[in-house]
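# Fold and geometry: a report
Here are the chains, one letter per residue:
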Amino acid sequence: MALSRHPFLVGMSILCFFVVSAFSASRQAYIIENTRVGFRVELKRINSWSNLTSLEDVQRALLRGRNRLQRLTAMVLSQKPGPLDMGAPVHVGDGEFLMSLAIGTPSKSFSAILDTGSDLIWTQCEPCTRCFHQHTPIFEPMNSSSFSNLSCSSELCQQLPTSYCYNDLCQYTYQYGDQSFTDGTMASETFTFGSVSVPNISFGCGVDNAGIGFNQGAGLVGLGRGPLSLVSQLDEPKFSYCLASINGTKSSSLLMGSMASNLSAITDRHSIIRMPLVQNSFQPSFYYIALKGISVGRTRLTINETDFAISDDGSGGMVLDSGTTITYLVESAYETVKAEFISQTNLSPLNDSSSGLDLCFELPPHAHYQPPKLVFHFDNADLSLPSANYFIKDLSANEMCLALGPSVGMSIFGNIQQQNFLVIHDLESETVSFIPTVCGSL
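Sequence order as written defines residue numbering, which begins from 1 separately in each chain. Totals for whole chains, interfaces and linings use every residue, but because this is a predicted model, local features are given only for residues with pLDDT of at least 70 and side-chain atom pairs only at 80 or more, for both listing and counting. In computing side-chain properties, one takes all heavy atoms of the structure into account and sets aside hydrogens as well as water.

### Quick look at the confidence of the model for the protein
The score called pLDDT rates the predictor's confidence residue by residue, from a low of 0 to a high of 100. Per-residue confidence for the protein averages 83 on the pLDDT scale, and 80% of its residues sit at or above 70. When checking whether two residues touch, look at their non-hydrogen atoms; a contact exists if any pair is within 4.5 Å. Within the model, pLDDT remains below 50 along residues 81-88, and this stretch shows 7 contacts once partners closer than five positions in the same chain are excluded.

Below is the structure:
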């Protein structure tokens with residue numbers, strides 16, 4: 001068990017915390033037993049309430065996406081032996097969407113970042129040694145009748161990548177790729193999602209938290225494949241999300257459990273594009289999909305399938321990720337795709353675009369232009385994207401930009417490519433399905 005980076009500081013805050021909450025029990029179940037829950041939660045893009053222009057919003061999203069790419073790459077490369085070994089576990093911990101929920105009894109509302117690339121659920125708690133600014137009051141466990149601490153012997157405490165014991169109470173430290181972190185105590189609470197309250201959700205009650213990626217919300221909800229995540233704790237095999245257009249004002253949706261199952265059952269099955277999920281033992285929380293090739297227009301590109309395969313050291317592969325803005329392909333594959341678009345587009349490439357994207361073209365004024373089709377060939381499935389899912393247009397500047405970029409060590413299927421698809425994760429059948437949907441009207 002590893003100690004926190006601030007043992008005295010955190011120790012003092014923990015001591016204060018447990019004086020006021022020592023009455024709490026620590027025998028809550030690690031997984032909700034014999035319960036089937038389903039609920040829908042509204043998602044909003046970060047900065048959706050700001051006065052930014054569409055271009056400014058995209059530019060900020062791209063910057064966050066590049067930061068997230070660096071974190072994901074750091075996680076992958078940290079698994080390699082040798083000088084890149086980073087020691088302490090590194091997690092992703094940011095995202096593009098906020099979800100509304102409530103905690104405690106009586107319930108207190110807050111917003112948290114949704115992250116399909118990590119597992120831990122956490123929020124800031126009083127008494128706080130170091131907390132970032134949040135728009136809602138910080139949660140006070142002593143005012144909730146349903147709060148309880150987790151003991152060091154609890155199963156979930158044993159699943160933490162970094163933890164230690166204080167007075168038989170489970171303490172955690174969770175570090176993210178840009179030196180952001182959350183430290184505190186593991187606890188159990190009733191969480192409310194819309195009108196559905198779910199007891200005994202284990203979460204991190206953070207008393208020492210820092211990081212520039214967190215201040216849009218009051219914590220984070222992990223939806224990864226690991227045992228700490230909301231998906232695993234609900235013990236529901238299905239969840240789905242439907243992401244509205246990045247340039248629109250409509251909200252997106254997260255559907256958990258029976259809501260995801262019922263919705264998939266009544267959807268037109270002829271439109272379902274289903275592919276297997278792939279597991280990576282080095283990164284067990286990620287949702288990997290097996291990309292086999294790419295077509296631009298009618299041309300199947302010459303790309304080695306090994307460019308997208310998971311290597312023996314855990315690098316490579318393609319992660320399906322809701323928190324990264326655009327799709328990133330390993331550099332050799334990206335350069336092939338880029339060259340083919342330049343060849344087929346018949347528009348002038350721009351060298352001075354301010355969009356933040358690598359490849360942009362000048363659009364003819366007052367002309368409707370339809371770019372070549374982009375198709376991703378997955379294992380047993382071909383996903384043909386609408387042009388809005390791979391080209392971002394700025395009509396005020398008469399330009400359009402390819403929403404792809406180069407990466408090292410792994411590929412990522414980003415949220416712009418997923419917009420206006422209902423994306424259903426089925427962990428029982430180990431598949432993910434894409435269904436064309438007007439997500440803002442769902």
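### Quick look at the environment of leucine 301
Relative to the helices and strands, leucine 301 resides in the loop between strand E16 (299-300) and strand E17 (318-320). Categorising residues by exposure relies on relative accessible area from a 1.4 Å probe, with only protein chains included: less than 20% of the type maximum marks a residue as buried, more than 50% marks it as exposed, and the intermediate range marks it as partly exposed. Classification of leucine 301 as buried rests on a relative accessible area of 8%. Separated by 39 residues in the primary sequence, leucine 301 and glutamate 340 have C-alpha atoms spaced 8.1 Å apart. Beyond its immediate sequence surroundings of up to four residues, leucine 301 is in contact with Ile294, Val296, Thr336, Val337 and Glu340. To qualify as a helix, a DSSP run of H or I must reach at least 4 residues; to qualify as a strand, a run of E must reach at least 2; elements of each kind are numbered from the N terminus.

### A short note on the sheet that holds strand E24 (residues 399-402)
DSSP-based pairing: two strands are paired if at least 2 bridges between them are found. In space, the 4 strands of this open sheet follow the order E19-E20-E24-E23, with antiparallel pairing throughout. If you trace the sheet from one side to the other, it starts and ends with strand E19 (349-350) and strand E23 (391-394), each paired once. Relative to E24, strand E20 (residues 360-362) runs antiparallel, the two being bridged by 3 bridges. The partner of glutamate 362 across the bridge, within E24, is glutamate 399. Contacting E19, E20, E23 and E24, helix H6 (residues 331-345) crosses the sheet at an angle of about 10° to E20. Angles here are taken between N-to-C directions and fall from 0 to 180 degrees, while the axes themselves are lines fitted to C-alpha atoms, restricted in helices to the stretch in contact.

### Some details on the pattern of salt bridges
Just to be clear on terms, a salt bridge is a Lys or Arg side-chain nitrogen sitting within 4 Å of an Asp or Glu carboxyl oxygen. Enumeration according to the criterion identifies 5 salt bridges in this entry. Salt-bridge contacts for arginine 130 lead to aspartate 208; the nearest nitrogen and oxygen are separated by 2.8 Å. Pair noted here: arginine 130 is in the loop between strand E4 (122-124) and strand E5 (148-149) and aspartate 208 is in strand E9 (residues 196-210), with a separation of 78 residues, a long-range link.

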